[in-house]
Structure formats: C-alpha cells, structure tokens
Amino acid sequence: MKRLFILLLLLIGCFGLNAQTGLFNLSYAIPIEEADSLLALSDFYTPNINDNLVRYYPENSTFVEAILVFVEPQTRRIIGWFIKYSPDNSEEDDAYVLQTLQEMHGKNNYFDEETQQLIWFLSTTRSVHIMYADDNSLTVLYYDSYFPELFHLKDKKASRKDSETENNTLPEDSKPAPSAEDTR
C-alpha cells in the first residue's frame, strides 16, 4: 500500500513537470546550456549565449523568425521564452501551433479581450500567452511573473548579421495580462 501511494505521488509529480515543458522541448528552470543543446537539435543558432536574453535564429526554416530565451542571471536557468513566427505563415500554420499548445497544455485556457491574448495558466506564476504581433506574426510567450523585470525589452534590438527584419523585439502589446499574483 505504501509503495502504491509513493508511485502515485511520483506520477502526479511527473505530470506537473510535463506541464512546465513547452514548445521546442524547452522547460522552465533548465540550464541555458541545456536549452542551447535542445535548440541546436532543431537547427537554431545563437551569436551569443552569455547574455540574460539569448536570441536564437533558425538555420534553414522560414516558419520561425526567432526564439528569445530569458535567463535568470544568478542561476543561469531559463525563466521563460518567446517565439516569433513568420508573418508569412498561413492560417493552417498558426492553427497547427495552437493545436500543439492545446495538446501540451490542455484545452482549458483564458482569452483576455483587452490584450487579445489566449492564456494558459501553468502555475501561480507561470503562464503561456499566444497572440498576434503588429506585423501579423503569431507569437508565443512562456512567462514567469516571479521575474517581471527580466521580461522588459523596450530598448533592446536584435543584432543579427544578414537579418531580413529590422526589428526583432517583443511587440509592444505582448506584455502579459496581469495574473492574480501580479495584482496583489
């Protein structure tokens, strides 16, 4: 009986960890070196891994423009990530991303009409936000409200050799809707 109870607790714990893993197999709290390896397996590269904001670009894909990985400075672990898809993607491509998110995080989500974001609350501080940027590209943000100061990108622009886009920053309206934790 005791073993069964311990096994059930371990299974519940595994499901909780699975909910914290998202697109591109990135997970909250993994070391940046592990994230770098995972993204390299998907043919993404970065010019610099030493920053608290690490920008990844696809080698050959036109489906994703960039992935920004937010890193906690002291532990060098991931606190969130932002995926900017190409504005040239079709509606079917965007629907595929949404379907993948629903399969990963469940169909229970919240639509914030004011910010036009679809949100999954993964924990009391962690959430996933999907919305369209000003250039009509789909964006996905894995956010942790415990570190709001590390998600501000107002004056930071990407420097990328041979970049087709001039501005690879978060869209102005991508700030996550406040969670119950933020409003206290």
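Residues numbered from 1 in each chain as written. Predicted model: local features only at pLDDT ≥ 70, side-chain atom pairs only at ≥ 80, totals over all residues. Heavy atoms only, no water.

A.B. asks: Tell me about the sheet that holds strand β1 (residues 44-45), and name the residues and values.
C.D. replies: Strands sit in the order β1-β2-β3-β4-β8-β7-β6-β5 across an open sheet of eight strands; the sheet is antiparallel. Taken across any chain shown, the strands that pair with only one partner, and hence form the sheet edges, are β1 and β5 (110-112). (Pairing = 2+ DSSP bridges. Helix = DSSP H or I, 4+ residues; strand = E, 2+ residues; numbered from the N terminus.)

A.B. asks: Go over the pairing of strand β8 (residues 138-144), please, and point to the residues and values.
C.D. replies: Taken across its seven residues, β8 has seven buried, putting it largely inside the fold. Burial of the side chains of β8 extends over both faces: L138, V140, Y142 and D144 are buried on one face and T139, L141 and Y143 on the other. The sheet contact formed by strand β4 (residues 77-85) and β8 spans four bridges and is antiparallel. What sits directly across from W81, in β8, is Y142. Relative to β8, strand β7 (residues 126-132) runs antiparallel, the two being bridged by seven bridges. Across the sheet, the residue bridging to Y132 is L138, located in β8. Hairpin connection from β7 to β8: five residues lie between these consecutive antiparallel strands, with N136 at a positive phi of about 70°. (Buried < 20%, exposed > 50% of the residue type's maximum accessible area, 1.4 Å probe, protein only.)

A.B. asks: How would you explain the packing of aromatic side chains if you had to name every residue and give the values?
C.D. replies: The final tally for this structure, using the stated rule, is 10 aromatic pairs. Look at F63 and Y85: their rings are 5.2 Å apart centre to centre, the planes differ by 70°, and that puts the pair in the edge-to-face class. A residue pair is termed long-range when its members are at least 10 positions apart, and F63 in the loop between β2 (53-58) and β3 (64-72) and Y85 in strand β4 qualify at 22 residues. Looking at F63, the relative accessible area reads 25%, which means it is partly exposed. The buried category is assigned to Y85, whose relative accessible area is 3%. An angle of 10° between the planes, with centres 4.1 Å apart, marks the rings of W81 and Y142 as stacked. Taken together, the residues W81 in strand β4 and Y142 in strand β8 connect sequence positions 61 residues apart. Accessibility classification places W81 together with Y142 in one group, the buried group. Joined through ring pairs, the aromatic side chains of Y28, W81 and Y142 make up one cluster. (Phe/Tyr/Trp six-rings, centres within 6.5 Å; stacked < 30°, edge-to-face > 60°.)

A.B. asks: An account of helix α2 (residues 32-41) is requested, with residue identities and associated values reported.
C.D. replies: For α2, the complete set of buried residues consists of I32, A35 and L39. Axial view of α2: buried residues confined to an arc of 55°, hence all on one face. Against β1, β2, β3 and β4 lie the buried residues of α2. Of the residues flanking the end of α2, it is D43, one or two places downstream, whose phi is positive at about 65°. (Arc of directions from axis to C-beta. Contact = heavy atoms within 4.5 Å.)

A.B. asks: Help me get a handle on the confidence of the model for the protein, residues and values and all.
C.D. replies: Confidence in the prediction for the protein averages 80 pLDDT; 72% of positions are at 70 or higher. Taken together, the stretch residues 1-19 has pLDDT below 50 and engages in two contacts with residues farther than four places along the chain or on a different chain. Every residue in residues 179-184 is under pLDDT 50, and counting partners more than four places away or in other chains gives eight contacts. (pLDDT = per-residue confidence, 0-100.)

A.B. asks: Can you lay out the environment of T46 for me, pointing to particular residues and giving the numbers?
C.D. replies: For T46, the position within the fold is in the loop between β1 and β2. Remark: the alpha-carbon pair of T46 and P58, spanning 12 residues in sequence, is separated by 9.0 Å. When residues no more than four places from it in sequence are discounted, the contact partners of T46 are D36, V54, R55 and Y56. Within polar-contact distance, the side chain of T46 engages the backbone oxygen of R55 at 2.7 Å. (Polar contact = N/O pair within 3.5 Å; in protein donor to acceptor, adjacent residues only side chain to side chain.)

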